[in-house]
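Here is how the chains run, residue by residue.
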There are 2 protein chains.
Amino acid sequence: MPYTYEYPRPSVTVDCVVFGFDDKEPDLKVLLIQRAAEPFKDCWALPGGFVDMDEPVETAALRELEEETGLTDVFLEQLYTFGNPNRDPRGRVISVAYYALIAPADKQIAAASDAQNVHWFSVNQLPPLAFDHHLILETGLQRIRGKVSYQPIGFELLPEKFPLSGLQKLYETILETPLDKRNFRKKILNMGILKELDEFQQDVSHRAARLYRFDKAKYEQMVKEGFYFELKEQRTRETKRKK
Amino acid sequence: MPYTYEYPRPSVTVDCVVFGFDDKEPDLKVLLIQRAAEPFKDCWALPGGFVDMDEPVETAALRELEEETGLTDVFLEQLYTFGNPNRDPRGRVISVAYYALIAPADKQIAAASDAQNVHWFSVNQLPPLAFDHHLILETGLQRIRGKVSYQPIGFELLPEKFPLSGLQKLYETILETPLDKRNFRKKILNMGILKELDEFQQDVSHRAARLYRFDKAKYEQMVKEGFYFELKEQRTRETKRKK
DNA sequence: TCAAAAGTGTTAACCATACACCCATGC
DNA sequence: GCATGGGTGTATGGTTAACACTTTTGA
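Residues numbered from 1 in each chain as written. Chains lettered and ligands numbered in written order. Predicted model: local features only at pLDDT ≥ 70, side-chain atom pairs only at ≥ 80, totals over all residues. Heavy atoms only, no water.

## What to know about a positive patch on the surface
Residues and elements named next belong to chain A.
Right, so step 1: Judged by side-chain charge, Lys181, Arg182, Arg185 and Lys186 come together as a positively charged surface patch.
Right, so step 2: One can find Lys181 in helix α5 (residues 181-191).
Right, so step 3: In this structure Lys181 comes out as exposed when scored by relative accessible area, which is 53%. (Patch = residues over 30% accessible without salt bridge, like charges linked within 9 Å, V, L, I, M, F, W, Y side chains within 5 Å. Areas by Shrake-Rupley, 256 points an atom, 1.4 Å probe, with all protein chains shown as cover. Salt bridge = Lys/Arg side-chain N within 4 Å of Asp/Glu carboxyl O. Lys, Arg positive; Asp, Glu negative; His and termini not counted. Charge placed at Lys NZ, Arg CZ, Asp CG, Glu CD. Helix = DSSP H or I, 4+ residues; strand = E, 2+ residues; numbered from the N terminus. Buried < 20%, exposed > 50% of the residue type's maximum accessible area, 1.4 Å probe, protein only.)

## Observations regarding the side chain of Ser95 of chain B
Residue and element names in this part refer to chain B.
Right, so step 1: By the element assignment, Ser95 lies in strand β6 (residues 93-102).
Right, so step 2: A polar atom in the side chain of Ser95 sits 3.2 Å from the side chain of Thr13.
Right, so step 3: For Ser95, the side chain forms a polar contact with the side chain of Asp15, separated by 2.6 Å. (Polar contact = N/O pair within 3.5 Å; in protein donor to acceptor, adjacent residues only side chain to side chain.)

## Examining the environment of Gly166 of chain A
Residues and elements named next belong to chain A.
Right, so step 1: Structurally, Gly166 is set in helix α4 (residues 164-175).
Right, so step 2: For the pair Gly166 and Gly49, spaced 117 residues apart in sequence, the C-alpha separation works out to 34 Å.
Right, so step 3: Excluding anything up to four places from it in sequence, Gly166 contacts Phe21, Asp23 and Leu158. (Contact = heavy atoms within 4.5 Å.)

## Quick word on α5 of chain A
All names here are of chain A.
Right, so step 1: Considered for burial, the residues of α5 that qualify are Phe184, Ile188 and Met191. Looking straight down α5, one finds its buried side chains confined to an arc of 55 degrees; they lie on one side. For α5, exposure combined with an orientation more than 90 degrees from the buried face picks out Arg182 and Asn190.
Right, so step 2: On its buried face, α5 sits against α4, β9 (194-200) and α6 (216-224).
Right, so step 3: For α5, the side-chain oxygen to backbone nitrogen distance between the N-cap and Arg182 is 3.2 Å, and the N-cap itself is Asp180. (Arc of directions from axis to C-beta.)

## A word on the domain arrangement of chain A
All names here are of chain A.
Right, so step 1: The domains assigned to chain A are domain 1 (11-147) and domain 2 (160-240).
Right, so step 2: Here domain 1 and domain 2 have C-alpha centroids that lie 28 Å from each other.
Right, so step 3: With seven residues of domain 1 at the interface, the matching set in domain 2 holds seven residues.
Right, so step 4: Buried surface at the junction of domain 1 and domain 2, both sides included, amounts to about 680 Å², of which 59% is carbon and sulfur.
Right, so step 5: Together, Phe21, Asp23 and Arg145 form the three largest contributors to the area buried by domain 1 at its contact with domain 2, with a combined 69%.
Right, so step 6: Where domain 1 meets domain 2, there are one salt bridge.
Right, so step 7: When the shortest N-O distance is used, the salt bridge between Glu176 and Arg145 registers 3.7 Å.
Right, so step 8: Inspection of the region where domain 1 meets domain 2 yields one residue pair in polar contact (both at pLDDT 80 or more).
Right, so step 9: Among the residues making up the side of domain 1 that touches domain 2, the classes are represented as four nonpolar, no polar and three charged. (Domains from an automatic or database assignment. Buried area = accessible area lost by both parts, 1.4 Å probe. Nonpolar A, V, L, I, M, F, W, Y, C, P; charged D, E, K, R; others polar.)

## Remarks on the interface of chain B and chain A
Right, so step 1: Contact with chain B, which involves 44 residues of that partner, is made by 43 residues of chain A.
Right, so step 2: Roughly 3900 Å² is buried in total at the junction of chain B and chain A, and carbon and sulfur atoms are behind 58% of that figure.
Right, so step 3: One can count two salt bridges joining chain B with chain A.
Right, so step 4: Taking the shortest distance from any N to any O, the salt bridge between Lys232 of chain B and Glu230 of chain A comes out at 2.8 Å.
Right, so step 5: Counting across the interface, chain B meets chain A through 13 residue pairs in polar contact (both at pLDDT 80 or more).
Right, so step 6: Looking at the side of chain B that touches chain A, the elements that each hand over two or more residues are β1 (11-21), α1 (57-69), β5 (75-82) and β6 of chain B.
Right, so step 7: Per-element tally for the side of chain B that touches chain A: the top contributor is β5 of chain B, with three residues.

## Quick look at the relation of the copies chain B and chain A
Right, so step 1: Least-squares fitting of chain B to chain A yields an RMSD of 0.1 Å, with the superposition described by an axial translation of 0.0 Å and a rotation of 180 degrees. Interpreted geometrically, this transformation is the action of a two-fold axis. When C-alpha distances to the rotation axis are compared across chain B, the minimum falls at Arg9 of chain B, with a value of 3.1 Å.
Right, so step 2: The share of interface residues of chain B whose copies in chain A are also at the interface is 95%, consistent with both copies meeting through the same surface. (Least-squares fit on C-alpha atoms with pLDDT ≥ 70 in both.)

As structure tokens, then:
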């Protein structure tokens, strides 16, 4: 190979912070696997592994995710690259971290894939994690907390059809703040990026809520025309008023 | 070493997109170096190089930046990791890209350091670039365009003391949109994150403008108390009003 | 005295917030 | 009929957008 350099080389891995959300629970969930091999055998860890020499890094993330959890067709974005020299006892390992968002329907699949032990954990009740995975996870959390307010990524955590209250709970969960129902509805509906369906919740022991669908095409059209998505924490007047 | 794995390993490099800004010019600038060695000998490229086995990745970025451009004490943040298998003719090279923001005063230093050829280029008049550096640079541009509106990173591109018109020009340049002078001043001054100085511009052939300084400590205090920095593109009512 | 940029205030439209009750459904 | 969540409107105040002239300074 021409121009080949012969420096010593670090290993390169990928790690995935897989977030999931469930209407009924007050917490965001993360998918973890229990390690089958040393180091950190039996310890919980983010799904991930070594990048092959001939595959793009993102492909490696998708491949490892499927191999270890059975998940395919997920929303995946690069998060951050962690490369401190001592983060892995095997030597110099640089890890490119990704975060994934998946809708509850897919969650079954993940739990079923039991080559290794795979579990959803609430982000507020995490076990000890291998390597620097706690730091990676925390970075992922910060990222989606920051991003959810000005990019419509929240919909990736919901099923295709969802009631407005589900969307509101999602935002309340991620932002860790209560939101006003009427204002939330007004704001999101006024954006015009939700399609109102003629379908309703099933099997609920109260009035069934109307379902909506995120209209991605319309959203992208509007962005081209200068639209900014923004769904922020609603602070009270008290908090906002200065001095 | 225990648990050592013996996979084939990619090389890992860092690349830095160094942005600079100058009052007088209507464009953002990027610092490029002319490559002294193959591959892409004599081609312009982002400063960068191989990560040593025992240094953190960010340290490598700072080190390469100093070695190749003489710059130290810069604002530096990780941008994105580029790892497509064919981005480097030498073989598999994964590059962790950073972006840096530097104030005009430092620019002299950079131009003086002439181990290699180092030059500022307007982001709108770039030469052909080595490797996938054009993609990296474009990614950096998108990042600061997105980030400048809701994080006070713009100040990193200005000297310590600056007139409000300089700040406004910076925002107009990065966001590529004209801003209303009175509204801009009102908004930024109302935030309370600028310290008004008793100093004025020197050597200008018109009324000298008052200088201000970004009060970082105050900003951080306010963030703790729930303050959100936001300095967005000001759209006209026309554009905003729908249908 | 001219050129060049600094600096300054008001109005009207819009948007965000606060807030409480009735409705539909299943049990 | 009761419990559960679904669904709705209005008044207030704060924020943003639009807009033009006077001041200062140096050449």
